Amino acid sequence: MRALTWTGLSPPPPSTVARMTMTSKMVVVASRRMTLRKDRVCVRATASSSAAVSSGVGVAEPVELDEIGEKSKEWKWKGEYSINYFVESSPEEVTPASQTVLLVHGFGASIPHWRRNINALSKHHTVYAIDLLGFGASEKPPGFSYTMESWAELILNFLEEVVQKPTVLIGNSVGSLACVIAASESQRDLVKGLVLLNCAGGMNNKAVFDDWRIKLLMPLLLLIDFLLKQRGIASALFNRVKDRENLKDILTNVYCNKDNVDDTLVEIIAGPANSEGALDAFVSILTGPPGPNPITLIPGINKPVLVLWGDQDGLTPLDGPVGKYFTSLPDQLPNFNLYVLEGVGHCPQDDRPDLVHERLLPWLAQLSSS
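Please read these numbers as outputs of a predicted model, since none were measured by experiment.

J.: What should I look at first to understand the confidence of the model for the protein in this one?
T.: Averaged over all residues, the pLDDT of the protein equals 84, while 78% of them reach at least 70. Here residues 1-40 scores under 50 on pLDDT; set against residues more than four positions off or in separate chains, the count is 60 contacts. Predicted confidence for residues 44-57 stays below pLDDT 50, and this span has 13 contacts to residues more than four positions away or in other chains.

Now the structure itself:
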């Protein structure tokens with residue numbers, strides 16, 4: 001790789017900024033993929049799991065993107081912002097253990113990122129999924145300052161106005177963190193339980209201040225923040241990031257199951273990135289405040305919590321501050337269950353949905369229907 005250098009006091013060219021951004025992510029991912037202790041509860045992605053896949057246990061056909069689009073609805077948040085959501089409200093088999101669940105995606109994703117999970121869940125449960133403001137088919141208002149707190153408020157308002165019943169929140173990455181904040185702020189028993197898939201420590205990397213890898217890269221991250229606020233540089237960088245070939249390379253590093261990094265997944269990420277307001281959302285989220293740290297919020301949550309964590313996640317690794325904290329919780333808090341999914345990356349629900357369903361479906365069935 002060429003040296004990332006430039007001369008003079010003017011900002012570096014966009015191509016250099018893009019390489020800097022990609023390099024910083026690659027350094028973090030590579031340094032975080034360390035050997036993990038084997039004394040944790042693990043679901044192994046081995047021959048036994050392959051047998052489960054072949055027998056159909058925990059596996060369901062993915063929902064087609066066209067079907068998601070046709071069933072999606074619009075809700076006006078605060079009477080102003082258009083929010084896209086999906087609902088599968090007629091479970092095939094209603095039982096006393098049937099739940100209502102809300103799926104909340106992570107950074108850059110949207111409702112279709114749950115396409116491999118919706119059918120498995122909707123067999124017994126009512127399934128809602130939402131595009132957070134700034135993502136997917138939801139509005140991306142110009143000049144909006146995105147924060148974790150605003151997404152949590154959106155979730156609670158959605159539960160109150162649309163779902164109108166106690167709901168299990170299921171989130172991935174920053175979607176998990178938004179669910180944690182929502183659960184910590186809920187005053188009306190709107191949240192019945194939490195399922196956290198590789199929970200983020202904040203809206204961006206600035207949140208994980210006590211990780212030595214982030215400390216090492218902090219000067220570079222702050223420089224990138226500054227450069228992203230230069231409209232021309234930000235636009236050029238965003239165009240490179242959302243290029244389909246570049247996206248596929250990035251996703252290949254995030255997923256362990258390379259077969260699931262297909263053209264459909266690339267379209268799920270790339271399509272909304274071409275909509276109006278996507279650039280502003282991208283810049284605001286990456287340069288904004290990281291938001292509350294889950295470590296400070298979790299002790300105040302008394303609802304049942306299931307944590308599933310891919311052990312090959314280079315973005316929120318098990319050996320980082322947030323990962324270490326979550327792995328310590330089952331010994332401290334009786335309402336917590338944790339399973340480490342071996343051979344799985346940052347997006348378990350799409351990387352290895354069979355392993356997620358293997359733990360998620362029985363956990364949902366055990367929740368009280370009251």
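The discussion continues.
J.: What is the right way to read the packing of aromatic side chains from this model?
T.: The description of two aromatic rings rests on the distance between their centres and on the angle between their planes. The full count for this structure, using the stated rule, is 12 aromatic pairs. Centroid distance Tyr325 to Phe326: 5.8 Å. Interplanar angle 75 degrees. Geometry classified as edge-to-face. According to the relative accessible area criterion, Tyr325 is buried, its value standing at 16%. A relative accessible area of 0% means that Phe326 is categorised as buried. Site record: aromatic cluster; members linked through ring pairs are Trp77, Tyr81, Phe107, Phe135, Phe144, Tyr146 and Trp151.

J.: Sorry if this is basic, but what is going on with the pattern of salt bridges here?
T.: Pairs may arise between side chains of opposite charge once their charged atoms sit close together. Summed over the entire model, instances satisfying the criterion amount to 14 salt bridges. Two residues, Asp263 and Lys248, come together in a salt bridge whose shortest N-O distance is 3.9 Å. With Asp263 in helix α10 (residues 263-273) and Lys248 in helix α9 (residues 244-254), this residue pair connects regions lying 15 residues apart in the sequence. One salt-bridge network, in which partners are shared between bridges, spans Arg115, Arg116, Asp262 and Asp350.

J.: Explain the environment of Ser184 to me, please; I cannot follow it from the model alone.
T.: Position of Ser184 among the secondary structure elements: in helix α6 (residues 174-185). A relative accessible area of 28% places Ser184 in the partly exposed class. Sequence separation of Ser184 and Pro294 is 110 residues, and the distance between their C-alpha atoms is 9.8 Å. Residues in contact with Ser184, not counting those within four places in the same chain, are Leu297 and Ile301.

J.: Explanation requested: the pairing of strand β2 (residues 72-77) in the structure shown.
T.: As a general feature of sheets, a regular strand has side chains that alternate between the two faces. Alignment of β2 against strand β3 (residues 81-88), held across 6 bridges, turns out to be antiparallel. In the sheet register, Lys73 faces β3, and the bridge partner there is Tyr85. Hairpin connection between β2 and β3: a loop of 3 residues separates the two successive antiparallel strands, and Lys78 in this loop has a positive phi of roughly 60 degrees.

J.: Help me out: how do you make sense of the nonpolar core in this one?
T.: Note that soluble globular proteins tend to have their nonpolar side chains buried in a common cluster. In this structure, Trp151, Leu194 and Phe326 are the most contacted members of the largest nonpolar core, which totals 57 residues. If you tally residues by element for this core, the top one is helix α5 (residues 148-163), at 10 residues. Discounting chain neighbours no more than four positions away, the residues touching Leu194 are Val168, Leu169, Cys179, Val180, Ala183, Ile301, Pro304, Val305, Leu306 and Trp363. If you look at the next biggest cluster of nonpolar residues, it comprises 26 residues, including Leu197, Leu306, Leu308 and Leu341.

What counts, and at which threshold
Residues numbered from 1 in each chain as written. Predicted model: local features only at pLDDT ≥ 70, side-chain atom pairs only at ≥ 80, totals over all residues. Heavy atoms only, no water. pLDDT = per-residue confidence, 0-100. Contact = heavy atoms within 4.5 Å. Phe/Tyr/Trp six-rings, centres within 6.5 Å; stacked < 30°, edge-to-face > 60°. Buried < 20%, exposed > 50% of the residue type's maximum accessible area, 1.4 Å probe, protein only. Salt bridge = Lys/Arg side-chain N within 4 Å of Asp/Glu carboxyl O. Helix = DSSP H or I, 4+ residues; strand = E, 2+ residues; numbered from the N terminus. Pairing = 2+ DSSP bridges. Core = buried A, V, L, I, M, F, W, Y, C linked by side-chain atoms within 4.5 Å.

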